[in-house]
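Observations on the model geometry
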Amino acid sequence: MGSMWAGRFTATWNRATGGRLKPSRAVKIPALLAIWSGPYSTNIFAPKGTPAQSIFGLSVFVLGICLAIFLIVGGLLTFAVIRYRSRPGDEDSEPPQIYGSNLVELSWTVIPILIIVVLFLASTRIIFVTQKAAKPANALDVVVIGHQYWWEYRYPKLGIVTANELHVPVSDPEHPQVTYLTMSSADTDHSFWVPELAGKTDLIPNKVNTMWIDPTRAGLYLGQCAQYCGVQHAKMLIRVYADTPEQFSAWVADQQKVALQAPSAAEGREVFLHNACVNCHSVSGTDAKGIFGPDLSHVGGRATIASGAVQNTPENLRAFINNPADFKPGALMPAMHLNDHDLNAVTQYLSTLK
Amino acid sequence: MATHTSAAAVAGLPQTMRRPGGVLSVVQEWVTTVDHKKIGLMYIGYALIFLVIAGAEALLMRVQLAVPNNHFVSPQVFNRLFTMHGTTMVFFVGMPILFGFGNYLVPLMIGARDMAFPRLNSFSFWISAFGGVLLYFSYFAGSGLYGAGTAPDVGWFAYAPLTSKVFSPGHSTDYWTLSVLLSGVGSIGTALNIVATALTMRCKGMKLSRMPLLVWIYVVMSGIAFVAVSPLTAAQIMLVIDRYLGGHFFDTQAGGSAVLWMHFFWIFGHPEVYILVLPAFGFANEIIPVFSRKAIFGYPAMVAASVGIAFVSLGVWAHHMFTVGMGPDANAFFTFSTMVVAVPTGIKIFNWLATIWGGNIRFATPMIFSIGFLFQFLIAGLTGVMLAVSPFDWQLGNSYFVVAHFHYVLVGAILFMIFAAFYYWYPKITGRMLSEKLGKWHFWLLVFGFHMTFDFMHVPGLLGMPRRVYTYEADRGWGDWNMIVSIGAIFQTISVLVFVYNLVRSYYKGEIAGPDPWDAWTLEWSTSSPPPSYNFAELPTVSSRRPLWDLKHPDDPDSNYE
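As the structure is a prediction and not an experimental result, all values here were calculated from the model.

Cut-offs applied
- Within each chain, residues carry numbers counting from 1 in the order of the written sequence.
- The order in which chains are written sets their letters, starting at A; the order in which ligands are written sets their numbers, starting at 1.
- Per-residue local features of the predicted model are confined to residues with pLDDT of at least 70, and side-chain atom pairs are confined, for both listing and counting, to 80 or more; whole-chain, interface and lining totals are unaffected and use all residues.
- Runs of H or I in DSSP of at least four residues are treated as helices and runs of E of at least two as strands, each being numbered from the N terminus.
- The exposure scheme places C-beta atoms from the backbone and then counts, for each residue, the other C-beta atoms within 10 Å of its own, assigning buried at 20 or more, exposed at 12 or fewer, and partly exposed in between.
- We call two residues in contact when the distance between their C-beta atoms, placed using the backbone, is within 7 Å.
- To count as a nonpolar core, a set of buried Ala, Val, Leu, Ile, Met, Phe, Trp, Tyr and Cys residues must be joined through C-beta atoms within 7 Å.
- Domain borders in the structure are assigned automatically or taken from a domain database.
- At least two DSSP bridges between two strands are needed for those strands to be called paired.
- Nonpolar residues are Ala, Val, Leu, Ile, Met, Phe, Trp, Tyr, Cys and Pro. Charged residues are Asp, Glu, Lys and Arg, and all others, Gly as well, are polar.
- Values of pLDDT, the confidence the predictor places in each residue, fall between 0 and 100.

Focus: the environment of N121(B)
Residues and elements named next belong to chain B. Residue placement: N121 occurs in helix α5 (residues 118-141). Residue classification places N121 among the buried residues on the basis of 28 C-beta atoms within 10 Å. Spatially, the C-alpha atoms of N121 and N193 are 6.9 Å apart, while their sequence positions differ by 72 residues. Apart from the residues within four sequence positions on either side, N121 is in contact with V34, H36, I39, N103, M115, T190 and N193.

Things to note about the nonpolar core
Grouped together as the largest cluster of nonpolar side chains are 280 residues, with contacts concentrated most on V215(B), V277(B), A413(B), I414(B), M417(B) and A420(B). The greatest single-element share of this core, amounting to 24 residues, is contributed by helix α14 (residues 400-430) of chain B. Lining this core are residues from two domains, each supplying at least three of them: domain 2 (42-256) and domain 3 (263-351) of chain A. When near neighbours in sequence (up to four residues on either side) are disregarded, V215(B) contacts V106(B), M109(B), I110(B) and A198(B).

Quick word on the pairing of strand β8 (residues 209-213) of chain A
Residues and elements named next belong to chain A. Among the 5 residues that make up β8, 4 are buried, leaving the element largely enclosed by the rest of the structure. Relative to β8, strand β5 (residues 179-185) runs antiparallel, the two sharing 5 bridges. Directly across from M183, in β8, lies its bridge partner N209.

A few points about the interface of chain A and chain B
Each partner contributes residues to the interface: chain A has 75 residues there, and chain B has 76 residues. At the level of elements, α4 (50-83), α5 (102-131), β7 (201-203) and β9 (219-224) of chain A are the ones that each hand at least two residues to the side of chain A that touches chain B. It is α5(A) that contributes the most residues to the side of chain A that touches chain B, 15 residues altogether. Considered class by class, the residues forming the side of chain A that touches chain B number 39 nonpolar, 27 polar and 9 charged.

Topic: the confidence of the model for chain A
All names here are of chain A. Looking at chain A as a whole, its pLDDT mean stands at 89, while 89% of the residues score no less than 70. Contacts from residues 1-32, a stretch scored under 50 in pLDDT, to residues over four places away or in other chains number 38 contacts. With pLDDT under 50 throughout, residues 34-38 is counted as low confidence; its partners more than four residues away or in other chains account for 11 contacts.

This is the structure:
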């Protein structure tokens, strides 16, 4: 299986680049571009997964052709503008009038046609390799549902529901591991875009789309919603954790546990269960079964809250519960107006839900 | 200047209609006019006002985006700004300014005294103008009785279901719908008028094969408008039905289709790009030959390429939808159809190059703007080819790369040619030259600002920055690029101020132009500057594509070669 995916990529690369460009040489380009990026890259030229990698190969090929066209046509234009500038004495007479030439015009019709045929064939190959790839038997299934302004992730075969932080197993050439995303939206249009892993795919209500990712390096990948979805479109951030097999198994085991009922947080749990929180949020093992907001069964284990907008610290969590608009004006969660005592208690309770 | 109806002048009747001077009579004259030149000028003036408004909106957005996590404007305000900026620039700047030039120039260039339907012409202008006013009235009335007024915030392509009552309460979306709908009615009216004028009002001897390329292009552009504006109008009516009459066309919660709206919108939206860019090609077709002192190279191919672009443009719309899950076959088809546009467009670029080749190029302001256009349009075309490669688009689509690409087309190509057209025809319109010195300041400031803004705007797109975000994270490495982009906007603003100053100053102090300041070849230069309301005292007769060339070179007329 592994060699099939790797082999397919190599073949794709060679066809897209006509075999002239070796991946090893192309790798220097993302290294150069990496200087532009911050600590976490969302650079489309730094691919870390097969779909992004095959798009990158095609992109380099297309950029090369476009650069060549630009240099030739731009060079001719520059030459003509300089060479045929009006000089002193030219005002008295008109230059020879030329009305056209069928042969010349035919040549600059046919050559572009040949170029677009080449570009079309190279594109189509990548379209089919990416969108018609057979689903491997061991693929992990995740259902992604876009909400105004957060992401819901469901793992139907594993019985896990979580939000905003997607955990997937890393894929290595020896043991390729593809994650299949089945996507839709609960409200407006959204788009799932993690540039280093793959191109974007829209999440559209009443429509089911699919895409696949196979991060080749363990670590955190960032992205964000790429289809305008409402007031807080900008803070609908994506975090994809590519876990090693051990990390992933441990994470799955944690998520499959029923939410912790720590005696120390009993008071906060009562506040949570007796307020409007339960209308929108779920916590497994309790009566909180709301579906409009993120599942909170293991919210304490996430690195961020508010769909990646801020770090998940007790202070931030408390401030967010008190008034979500402080971080995300326009977020659909209302300000809860709890008194200080209840606010502290519920913050403490949610922090225990690792 | 005496005012008289063209009918009276043509018939040589005594001027019994002269009204007493004063502000009211001037207003009455402009409001009631059916003269194609006055209507054209009103279109242009109205578009310039909206250009300043929408430009100010762009500046506010650039201030907000100059640094990460900025709080200059709220997300709600930002979302209204980009919605209003896009809607205004497309429907109330681009369309009216180009229809304005068309209105002014088409009858003059074909040797006619007015448009075919002068009253329809006036109606089209006023209904479009009303649309623009309605759009901005939403700032006061968008929320109806619910609270403070708001403008639409659904984006200029207003994807469903964000426009449904659930996600867009109040009336802001309704104002957007109605203003776009009215603008569409005006566009259809003017398009109809241009086609009828070009087909029926040409002077003696002007066969279709001798019609100036600009007029040809306006006919083609009007043809696209017939086909493309109608689906938009239909979609707006369906949206109103959804919002007020319980329809479910786009109401996904009741089984409607969000993708249906996308198809409706883009089957208008992409041809719209060609509606806007074709007149820019038309200006280039007139200006580049005159300042290269050569006939246009390959006239028949230029006409064929324009018609070709029009046909192909109707089959490329779904390249705006490569990420909506159309499936690999549709993605491949639209990749190909979109790339095909590059062929007729390439023919145009090469023919302009061949026109310059062997000429005596005079670097007057209209020509330097045209040369800027040639280079920038080349780049815009090449980034367009990149976006047509659908896998590349899965990365670039909806990113700042796309924003940079289409601003390269809209500003780098279209706006540059609109400025070229101003410098070229202003002497005809006012009788005075625009200042060349200020024109060159305008050009160089704009070139500098344009490239600073839009060259560097490609980069955050490549680095993963999506469009339509009111702010962005500090750790993505997008901050410096956005700062450069925002600084460039300041230079562009200054350049436009120089232009406006030039327009006003030259009206009073500019050098007297005379009928033919550029030693040009088409019919508008054969009448006085500004032209009398009846355009031509005696209707001209032509025997080639360049009647004034024939007049100036009786020993070697064009008619010998065509």
